[in-house]
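# Coordinate analysis (summary)
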Amino acid sequence: MELVLRIITIITPVLVISAAGYAWGRLRRPDMTWLNRLSTDLLFPLLIFGAMAARDFHILDYLPLIGGGIAVMIGSGVIAWGVARLLGYNPHAFVPAMVFTNVANMGLPLTLFAFGAQMLPAAVALFMIFSLVHFTIGIRICAPHASLHGILKGPMLWAMLGGLAMSLLGWTLPDWLATSTRMLGETAIPLGLFTLGVGFSGFRVQRWSIGVVGAVLCPLSGLLIAWPLTSVLPLTEPMRGLLLLYSALPPAVMNYIFAEQYQQDPGLVSAIVVGGNVASIVFVPFALYLALSA
């Protein structure tokens, strides 16, 4: 019973902030373009760079965790490709939605609430690899002939590379700059949840059957791969929990943005994204139960 109450305590702030964003979106119909750009171009890059440039961040300590994340992405992609071919779905739309989950807007807040600030660097390491693969290989899966020029000049990539260099060289930021970077970067966490809710207020879903398939397959395939990995990889107990949690997160909204941008069946992806995030009310607590009781 104590574990159940703890999970409720972890999930509730995520639901409340997202619901507030949804209600605001329905009432005001705000234009979130500038706010989304602020998050992706400044706040999340600062969050990544600040965490990776911190004194207690050593990228080599997280290599097994990063390897587990890569294995979950590859395994989920193979399963999703097979299901797409079996059911006649467009694999260029279906596969990315199964592989690339909401590691930023939902994963980082859940890490903070479930494992505490001390596990935020480990979560940033997972966020880094998921984002890097999504914005490179993920785009190519969605649109095989797409140009990757945009990611090469985007602040997210340079924040990752800068933080990685700081970690490998053992450099740290001055205290005043580290504090400023951390304060700005950490605003991305609640803001991301709020904008996630606002984003869902404008979604219109028609293909619910596909949404149901994706909503169930995404977390189950991730957990199916992550669960044995927690026994094989040399992970600490909190890292095992983190890998289980991240394997069960719902599809990221960015999948819909890419599908719409490259005209890869955005209706299919919107159904999966909405269905997956609704189903996360069940699957994320289940993953937290596995993570916290492991």
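All residue numbers here refer to positions counted from 1 along the written sequence of the relevant chain. Predicted model: local features are reported for residues with pLDDT of at least 70 only, side-chain atom pairs are reported and counted for 80 or more only, and whole-chain, interface and lining totals are derived from all residues. Where side-chain values are given, they derive from all heavy atoms of the structure, hydrogens and water being excluded.

## Considering the nonpolar core
Residues Phe94, Leu108, Leu110, Leu242 and Tyr246 are the most contacted members of the largest nonpolar core, which totals 86 residues. What makes two residues a contact is simply this: any of their non-hydrogen atoms within 4.5 Å. Look past the residues within four positions of phenylalanine 94 in its chain and what remains in contact with it is Ala80, Val83, Ala84, Tyr89, Val213, Leu217, Leu268 and Ile272. Residues Ile139, Ala143, Ala146 and Phe258 belong to the second largest nonpolar core, which totals five residues. Take the buried Ala, Val, Leu, Ile, Met, Phe, Trp, Tyr and Cys residues and link them wherever side-chain atoms come within 4.5 Å; each set so joined is a nonpolar core. Burial status follows relative accessibility: with a 1.4 Å probe on protein chains alone, a residue under 20% of its type maximum counts as buried, one over 50% as exposed, and anything between as partly exposed.

## Quick notes on the packing of aromatic side chains
Ring pairs shown here join Phe, Tyr and Trp side chains whose ring centres sit within 6.5 Å, with only the six-membered ring taken for Trp; geometry is labelled stacked below 30 degrees between planes, edge-to-face above 60, and tilted in between. Evaluation of the coordinates by the stated rule reveals five aromatic pairs. Geometrically, the ring pair formed by phenylalanine 57 and tyrosine 62 is tilted, given 5.2 Å between the ring centres and 35° between the ring planes. Overall, phenylalanine 57 belongs to the buried group, its relative accessible area being 2%. With a centroid separation of 5.6 Å and 85° between ring planes, the pair formed by phenylalanine 135 and phenylalanine 258 is classed as edge-to-face. With phenylalanine 135 in helix H6 (residues 120–142) and phenylalanine 258 in helix H13 (residues 254–261), this residue pair connects regions lying 123 residues apart in the sequence. Judged by its relative accessible area of 22%, phenylalanine 135 is partly exposed. In this structure an aromatic cluster arises from ring pairing among Phe135, Phe258 and Tyr262. Counting from the N terminus, the helices are DSSP H or I runs at least four residues long and the strands are E runs at least two residues long.

## As for the pattern of salt bridges
Only one rule defines a salt bridge in this text: a Lys or Arg side-chain nitrogen within 4 Å of an Asp or Glu carboxyl oxygen. The final tally for this structure, using the stated rule, is one salt bridge. Arginine 37 is the salt-bridge partner of aspartate 41, the closest N and O atoms lying 3.5 Å from each other. Taken together, the residues span about one helical turn, with aspartate 41 and arginine 37 both in helix H2 (residues 33–52) at a distance of four residues.

## Quick word on the environment of valine 284
Mapped onto the fold, valine 284 is located in helix H14 (residues 266–293). Residue classification places valine 284 among the buried positions, given a relative accessible area of 1%. Sequence separation between valine 284 and proline 174 is 110 residues; the distance between their C-alpha atoms is 37 Å. Beyond its immediate chain neighbours, meaning those up to four positions away, valine 284 contacts Ile11, Met106, Leu110, Leu245, Ala248, Leu249 and Pro250.

## A look at a nonpolar patch on the surface
Nonpolar side chains (Val, Leu, Ile, Met, Phe, Trp, Tyr) are joined into patches within 5 Å and like charges within 9 Å, using only residues with over 30% relative accessible area and no salt bridge. For accessible areas, the Shrake-Rupley method is used with a probe of radius 1.4 Å. Any residue's cover is judged against the shown protein chains and nothing else. A cluster of nonpolar residues, Leu15, Val278, Ile281 and Val282, forms a patch on the protein surface that exposes about 360 Å² of accessible area. Looking at which element gives the most residues to the nonpolar patch, the answer is H14, with three residues. For valine 282, the location among the structural elements is in helix H14. With relative accessibility at 58%, the residue valine 282 sits in the exposed group.

## A look at the packing of H2 against helix H8 (residues 155–169)
Lines fitted to C-alpha atoms define the axes, with helix axes restricted to the stretch in contact, and inter-axis angles between N-to-C directions lie between 0 and 180 degrees. The geometry of H2 relative to H8 is characterised by a closest axis approach of 8 Å and an angle of 10° between their N-to-C directions. Relative to H8, the element H2 is oriented roughly parallel. Note on element contacts: H8 touches H2 through Pro155, Met156, Ala159, Met160, Gly162, Gly163, Leu164, Met166 and Ser167, opposite Thr40, Asp41, Phe44, Pro45, Ile48, Phe49 and Met52. Here roughly perpendicular refers to angles of 65 to 115 degrees, roughly parallel to angles under 35, roughly antiparallel to angles over 145, and oblique to all remaining angles.

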